[in-house]
Amino acid sequence: DAGVIQSPRHEVTEMGQEVTLRCKPISGHNSLFWYRQTMMRGLELLIYFNNNVPIDDSGMPEDRFSAKMPNASFSTLKIQPSEPRDSAVYFCASSLLRGYNEQFFGPGTRLTVL
Amino acid sequence: GIQVEQSPPDLILQEGANSTLRCNFSDSVNNLQWFHQNPWGQLINLFYIPSGTKQNGRLSATTVATERYSLLYISSSQTTDSGVYFCAVERQAAGNKLTFGGGTRVLVKP
């Protein structure tokens, strides 16, 4: 079975540019999570969706960040405009909503904003 | 929010040694997972263990939910065990989101 798929794996951009990160969850999973990992703050949850509906976006740092999940097999995390402090590894994870809700992580997108 | 503390923060082992990593959490949890982040940055699922004991090869884990801690045991360590080990918990009545500990960085020397 394919795991969580993220693209791109690496992104280098200049300050002020728009960045879009993409995620395809495991087929059949109905919860999707976006995390960010930095040296200073470790792994932190940005936002999560249940059945394509955003449930908790309290971790989104500011209005420059937005996330969507138009259907059960695709989600995007957008940063506009990007800033150097957004440089981090962004992980997407998915799980079942009920019962055995183990989360599985994608390989991550390493974002560098110059 | 819930606090998750891992100890020790760093661990250096000689190949073949055994070790125990600890995860303490400050509130009741529905879910607890252990992950290994390898040197390439991938987060590998080790255990889904909200309570009880599980074993997988040279690794085993125990969670005592009533006392709010979990232990990860590594036996006969190998160089491929190097990396960072994370504990993550899902607090009860807080939705199904994980809060991560700071990790234990393990280096296994040949």
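Placed above this text is the structure.
One structure accompanies this document, and this report is about it. Source: prediction; values computed, not measured. Each chain carries its own residue numbering, running from 1 in the written order of its sequence. To read the labels, note that chains go from A and ligands from 1, taken in the order they are written. Local features in this predicted model are restricted to residues whose pLDDT is 70 or higher, and side-chain atom pairs enter the listing and the counts only when it is 80 or higher, whereas totals over whole chains, interfaces and linings include all residues. Hydrogen atoms and water are omitted, and side-chain values are computed over all heavy atoms in the structure.

1. Side note on the pattern of salt bridges
- Salt bridges are defined as contacts in which a side-chain nitrogen from Lys or Arg sits within 4 Å of a carboxyl oxygen from Asp or Glu. Under the definition given, this model contains eleven salt bridges over all chains.
- Taking the shortest distance from any N to any O, the salt bridge between Arg 85 of chain A and Glu 83 of chain A comes out at 2.6 Å.
- Only protein chains enter the calculation, and the probe is 1.4 Å; a residue is then buried if its accessible area is under 20% of its type maximum, exposed if over 50%, and partly exposed in between. Since its relative accessible area comes to 54%, Arg 85 of chain A is described here as exposed.
- With a relative accessible area of 23%, Glu 83 of chain A lands in the partly exposed category.
- The closest approach of N and O atoms between Arg 58 of chain B and Asp 81 of chain B, which form a salt bridge, is 2.9 Å. With Arg 58 of chain B in the loop between strand S6 (52–56) and strand S7 (59–64) and Asp 81 of chain B in the loop between strand S8 (69–74) and strand S9 (83–91), the pair connects residues that are 23 residues apart, well separated along the chain.
- Arg 58 of chain B gets classed as partly exposed once you look at its relative accessible area, which sits at 26%.
- Each of the salt bridges in this network shares a partner with another, and the network as a whole consists of Glu 62, Arg 64, Glu 83, Arg 85 and Asp 86 of chain A. Strands here mean DSSP runs of E at least two residues long; helices mean DSSP runs of H or I at least four residues long; both are numbered from the N terminus.

2. Description of the sheet that holds strand S3 (residues 19–24) of chain A
Residues and elements named next belong to chain A.
- A pair of strands is treated as paired once DSSP finds two or more bridges between them. Taken in spatial order, the four strands line up as S1-S3-S8-S7 in an open sheet, and their pairing is antiparallel. Every other strand in the sheet has two partners, leaving strand S1 (5–7) and strand S7 (65–71) as the edge strands with one partner each. Neighbour to neighbour, the strand axes of the sheet diverge by 15° on average, direction disregarded.
- Judged from the five bridges that link them, S7 and strand S8 (residues 74–79) form a sheet pairing that is antiparallel. Lines fitted to C-alpha atoms define the axes, with helix axes restricted to the stretch in contact, and inter-axis angles between N-to-C directions lie between 0 and 180 degrees.

3. What to know about the interface of chain B and chain A
- Taken together, the contact pairs 17 residues of chain B with 21 residues of chain A.
- Buried area, as used here, totals the accessible surface that two parts lose on assembly, with accessibility defined by a 1.4 Å probe and the loss added over both. Approximately 1,600 Å² of surface area, both sides summed, lies buried where chain B meets chain A, with 50% of it carried by carbon and sulfur atoms.
- Among the residues chain B hides against chain A, the three largest losses belong to Tyr 48, Asn 96 and Lys 97 of chain B. Together they make up 38% of the total.
- Across the pair Lys 97 of chain B and Asp 56 of chain A runs a salt bridge, and its minimum N-O distance is 2.4 Å.
- Pairs of N or O atoms within 3.5 Å make up the polar contacts considered here, provided that, within protein, one atom can donate a hydrogen while the other can accept it, and that residues adjacent in sequence are counted only when both atoms are side-chain atoms. Connecting chain B to chain A are eight residue pairs in polar contact (both at pLDDT 80 or more).
- Looking at the side of chain B that touches chain A, the elements with two or more residues in it are strand S4 (29–37), strand S5 (43–48) and S9 of chain B.
- Residue contributions to the side of chain B that touches chain A peak at four residues, all from S4 of chain B. The contact criterion used throughout is that any non-hydrogen atoms of two residues lie within 4.5 Å.

4. Observations concerning the environment of Ser 77 of chain B
Residue and element names in this part refer to chain B.
- Note that Ser 77 resides in the loop between S8 and S9.
- Taking the C-alpha atoms as reference, Ser 77 lies 36 Å from Gly 95; in sequence the two are 18 residues apart.
- For Ser 77, the contacting residues outside a window of four places in its chain are Leu 13, Gln 14, Glu 15, Gly 16, Ala 17, Arg 58 and Val 108.
- Here the side chain of Ser 77 touches Gln 14 through a polar contact of 3.4 Å, landing on its backbone oxygen.

Honestly, it's all geometry; don't read function into it.
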